[in-house]
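Residue-level listing of the chains:
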Amino acid sequence: MGSAPASEPAAGSAAEPASGDVYLRPTVQTAVKLLVVGHFAVGKTTFVGALSEIRPLRTEEVMTEAGALVDDLAGMKDKTTTTVALDFGRLTLNDRLVLYLFGTPGQQRFTQLWQDMTRGALGALVLADTRRLGQSFEVMGVLEELGLPYAVALNQFDGAPEYGTDEVRAALDLLPETPLVHCDARDRASSTRALISLVEYLLTRTPTGQLEHA
Ligand SMILES: Nc1nc2c(ncn2[C@@H]2O[C@H](COP(=O)(O)OP(=O)(O)O)[C@@H](O)[C@H]2O)c(=O)[nH]1
Ligand SMILES: [Mg+2]
């Protein structure tokens, strides 16, 4: 008892993504850059990590005492890292369309970087948390200034109040056409559905019905 059989596979090998998922399918014709945005600790890194088919690139840093003054940690006892630059991931939606996802930090002090990241992006998914809806206005305001279309996904945290869609639309002052969906950023299928609602919305806004860069 206790000693592993000699034939057991090397530890760690199962964690590698299947090689078929690493390389882009040769049939892909359109690559679209989308942003995943939202305030601090709303679930951006979790979201990009849950649905990326490549190992997501993360630039997390352990939060320091200095950051405690600006990063609002109320109710976020367990959060010890923060994204200083970006999260990057990839999702092949179908044989011809691949999405490149850029999770961008919402902290105000990164605004210039944040604006640079929007270059070439077709749209954004705004993650929101019903415990802190008011904190989503800043990010939605920047998107509106930049003319970047967006959909809103409510990331449902345990114990967070569950409001009806109409209430949330009113609270966030959303335009009637702006999609509002619920998601669980930890769940791949749920996160993919939220992203598809953004892509469908972007498609309705293009005269050709194709996703193309302006
Ligand atoms: N319960 C729950 N926790 C979540 C969810 N999404 C993210 N979290 C947790 O919330 C914290 C902040 O998420 P993170 O992705 O780092 O937020 P970011 O600052 O927007 O990148 C982490 O501890 C996550 O594990 C969710 O949908 N439900
Ligand atoms: Mg993050």
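Residues numbered from 1 in each chain as written. Chains lettered and ligands numbered in written order. Predicted model: local features only at pLDDT ≥ 70, side-chain atom pairs only at ≥ 80, totals over all residues. Heavy atoms only, no water.

Here we look at the pairing of strand β4 (residues 97–103)
Next, step 1: β4 sits mainly inside the fold: 6 of its 7 residues count as buried.
Next, step 2: Where strand β1 (residues 30–37) meets β4, 7 bridges bridge the pair, whose relative direction is parallel. Considered in β4, the bridge of threonine 30 is made with leucine 97. (Buried < 20%, exposed > 50% of the residue type's maximum accessible area, 1.4 Å probe, protein only. Helix = DSSP H or I, 4+ residues; strand = E, 2+ residues; numbered from the N terminus. Pairing = 2+ DSSP bridges.)

Examining the packing of aromatic side chains
Next, step 1: Applying the stated rule across the entire model yields 2 aromatic pairs.
Next, step 2: Where phenylalanine 88 meets tyrosine 100, the ring centres are 5.9 Å apart and the plane angle is 5°; that geometry is what we call stacked. One end of the pair, phenylalanine 88, is in strand β3 (residues 81–94); the other, tyrosine 100, is in strand β4, with 12 residues separating them in the sequence.
Next, step 3: The rings of Phe88, Tyr100 and Phe102 are connected pair by pair, giving a single aromatic cluster.
Next, step 4: Lying across the ring of phenylalanine 102, lysine 33 places its NZ or CZ 4.7 Å from the centre. (Phe/Tyr/Trp six-rings, centres within 6.5 Å; stacked < 30°, edge-to-face > 60°. Lys NZ or Arg CZ within 6 Å of the ring centre and 35° of its normal.)

Let's talk about unusual backbone geometry
Most peptide bonds take the trans form, and the phi angle of most residues other than glycine is negative.
Next, step 1: A positive phi angle is found at alanine 41, which is not glycine, with a value near 65°.
Next, step 2: With respect to the helices and strands, the residue alanine 41 is situated in the loop between β1 and α2 (44–51).
Next, step 3: The class of alanine 41 is buried, set by a relative accessible area of 12%.
Next, step 4: Positive phi outside glycine occurs at aspartate 173, with the angle close to 55°.
Next, step 5: Relative to the assigned elements, aspartate 173 resides in the loop between α5 (165–172) and β7 (180–183).
Next, step 6: Here aspartate 173 falls in the exposed class, since its relative accessible area comes to 63%.

Side note on the pairing of strand β6 (residues 150–155)
Next, step 1: Among the 6 residues in β6, 6 count as buried, and that is most of the element.
Next, step 2: Here β6 shows no split at all, with Tyr150, Val152 and Leu154 on one side and Ala151, Ala153 and Asn155 on the other all buried.
Next, step 3: The handedness of the strand β5 (residues 121–128) to β6 crossover, carried by helix α4 (residues 137–146), is right-handed.
Next, step 4: As defined by bridge partners, β6 adjoins β7 across 4 bridges and the pair is classed as parallel. Note on β7: the bridge partner recorded for valine 152 is leucine 180. (Right-handed = clockwise from strand over helix to strand, strands pointing away.)

Description of α2
Next, step 1: In terms of burial, α2 is largely enclosed, as 6 of its 8 residues are buried.
Next, step 2: If you check which residues of α2 are buried, you get Lys44, Thr45, Phe47, Val48, Ala50 and Leu51.

Some points on the confidence of the model for the chain
Next, step 1: Considering every residue of the chain, the mean pLDDT works out to 80; 73% of them sit at 70 or more.
Next, step 2: By mean pLDDT, helix α1 (residues 19–22) is the weakest element of the chain at 62, and β6 is the strongest at 98.
Next, step 3: Taken as a whole, residues 1–19 scores under 50 in pLDDT and shows 4 contacts with residues more than four places along the chain or in a different chain. (pLDDT = per-residue confidence, 0-100. Contact = heavy atoms within 4.5 Å.)

Observations concerning the pattern of salt bridges
Next, step 1: Throughout the structure, instances matching the rule amount to 5 salt bridges.
Next, step 2: Note that aspartate 95 is salt-bridged to arginine 25, the shortest N-O span being 2.7 Å. Remark: arginine 25 occurs in the loop between α1 and β1 and aspartate 95 occurs in the loop between β3 and β4; sequence separation between them is 70 residues.
Next, step 3: Glutamate 53 is the partner of arginine 90 in a salt bridge, and the nearest nitrogen-oxygen pair spans 2.8 Å. You can see arginine 90 sitting in strand β3 and its partner glutamate 53 sitting in the loop between α2 and β2 (57–62), a full 37 residues away along the chain.
Next, step 4: Under the relative-accessibility criterion, glutamate 53 is labelled buried at 11%. (Salt bridge = Lys/Arg side-chain N within 4 Å of Asp/Glu carboxyl O.)

So, α4
Next, step 1: All of the buried residues in α4 are Val139, Met140, Val142 and Leu143. Looking straight down α4, one finds that the buried residues subtend no more than 160° of arc, so they occupy a single side. The exposed residues of α4 that point more than 90 degrees off its buried face are Glu144 and Glu145.
Next, step 2: A positive backbone phi angle near 70° is found at glycine 147, which sits one or two residues after α4. (Arc of directions from axis to C-beta.)

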